Amino acid sequence: MSSRRSSRNSRQSGGSRITNISDDQITDLVSKLQQLLPEIRNRRSDKVSASKVLQETCNYIKNLHREVDDLSDRLSQLLATTDMDTDQAAIIRSLLM
Amino acid sequence: MNSRSLLLSPNPNSLKSRFTEGLLRALLRINQHHHQQPRSSREIRKRHRLIKTAAYGSMASAVGNRKAWSRALLSKIRNQARSGAVLRRSLGSSTRLLSMKKRICHLQKGNSKKNRVEVGGSGQVDKLRRLVPGGQLMDTCSLLEETAHYMKCLTTQVQVMTRIVEIYNIP
């Protein structure tokens, strides 16, 4: 609650929002992101800087976007060639879930 | 045993299941409407765009309104569909009107970015804002939380799509 109050104050004073949010919260959230990143997670060192985590996060999300784009491309080619029917959808459902 | 792994006991209400269900239904619909072989590159691009939108849209629908990023993504898709349909109906496809359509879309995109650029953030945070849907409207704390959830959902999305592609590759 207090963090929300402090960020509201900073908005009124017109200063940068980041400096008024508690550093602990940022550290917590950054370490949570760190756990999710596949490369950094394996090193398990606390010395990874926040900016490195953010950088890796941006790269990871960009890679995921690129993969979705590539997979959509392949799916569109596959859909054009195969005749997808409801049976096939049922097979996929059973295999995936 | 806590069944964290969905492979052992598939939960029909899990995010992954709901996303898969939605995506498969969308793919069926796209295939029914665009059944003939896409000839022109324009049709191929359109089909590619439809599938990509279906993927992001199904994931955002599966998450629902619980997260800011999914709400932002859903409203963006709805606006795109709405403006695309209105423009197609009223403008037709002459070249002069096509360039006007491009200018309108460009203006819309420009407005949403201009009002929300934050001063005082590090370059990394701004880059992250552009990558996460709805990121321009969030404060830094929420942005980091939304990013974590968004990353998890994107990873699931890629997993499921990869699996679908693998299954279709079997002749």
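- Under an unreviewed UniProt entry, the name given to chain B is IBH1-like N-terminal domain-containing protein, and the organism recorded is Rubus argutus.
- In its Subcellular location (unreviewed entry) section, UniProt records this for chain B: "Nucleus".

- Under an unreviewed UniProt entry, the name given to chain A is BHLH domain-containing protein, and the source organism is Rubus argutus.
- Note on chain A: under the UniProt heading Subcellular location (unreviewed entry), the record states "Nucleus".

**Digging into the overall build of chain B**
At step 1: Regarding its fold elements, chain B presents six helices and zero strands.
At step 2: Put simply, chain B runs from its N terminus to its C terminus through helices and strands in the order α-α-α-α-α-α.
At step 3: Put simply, chain B has 171 residues, and 40% of those count as buried.
At step 4: Put simply, 47% of the contacts in chain B that link residues at least 6 apart link residues at least 24 apart.
At step 5: Of the accessible surface of chain B, which amounts to about 10,600 Å², a share of 53% is contributed by carbon and sulfur atoms.

**Points about the nonpolar core**
At step 1: Ranked by size, the top nonpolar core spans 55 residues in total, and within it A:I61, A:L75, B:L23, B:W69, B:L128, B:L144 and B:I164 carry the most contacts.
At step 2: Looking at this core, the elements with two or more residues in it are helix 3 (23–36) and helix 5 (50–81) of chain A together with helix 1 (15–33), helix 2 (41–63), helix 3 (68–91), helix 5 (123–131) and helix 6 (140–169) of chain B.
At step 3: Ranked by the residues each element gives to this core, the list is headed by helix 6 of chain B, at 15 residues.
At step 4: When neighbours within four sequence positions are excluded, B:L128 is seen to be in contact with A:L54, A:T57, A:C58, A:I61, B:L143, B:L144 and B:T147.

**Considerations on the pattern of salt bridges**
Proximity of charged atoms lets side chains of opposite charge pair with each other.
All names here are of chain A.
At step 1: Tallying each qualifying case throughout the model produces five salt bridges over all chains.
At step 2: For E56, the salt bridge is made with K52, and the minimal N-O distance between the two is 3.0 Å. Of this pair, E56 and K52 both sit in helix 5, separated by four residues, roughly a single helical turn.
At step 3: With relative accessibility at 31%, the residue K52 sits in the partly exposed group.

**Brief notes about helix 1 of chain B**
At step 1: With 19 residues, helix 1 of chain B should reach 27 Å at 1.5 Å per residue; the first-to-last C-alpha distance of 27 Å fits that figure.
At step 2: Those residues of helix 1 of chain B lying buried are B:K16, B:S17, B:F19, B:T20, B:L23, B:L24, B:A26, B:L27, B:L28, B:I30 and B:N31.

Definitions and limits used
Residues numbered from 1 in each chain as written. Chains lettered and ligands numbered in written order. Predicted model: local features only at pLDDT ≥ 70, side-chain atom pairs only at ≥ 80, totals over all residues. Heavy atoms only, no water. UniProt positions renumbered as here; feature names shortened; annotations may be inferred. Helix = DSSP H or I, 4+ residues; strand = E, 2+ residues; numbered from the N terminus. Buried < 20%, exposed > 50% of the residue type's maximum accessible area, 1.4 Å probe, protein only. Contact = heavy atoms within 4.5 Å. Areas by Shrake-Rupley, 256 points an atom, 1.4 Å probe, with all protein chains shown as cover. Core = buried A, V, L, I, M, F, W, Y, C linked by side-chain atoms within 4.5 Å. Salt bridge = Lys/Arg side-chain N within 4 Å of Asp/Glu carboxyl O. Expected span 1.5 Å × (residues − 1).

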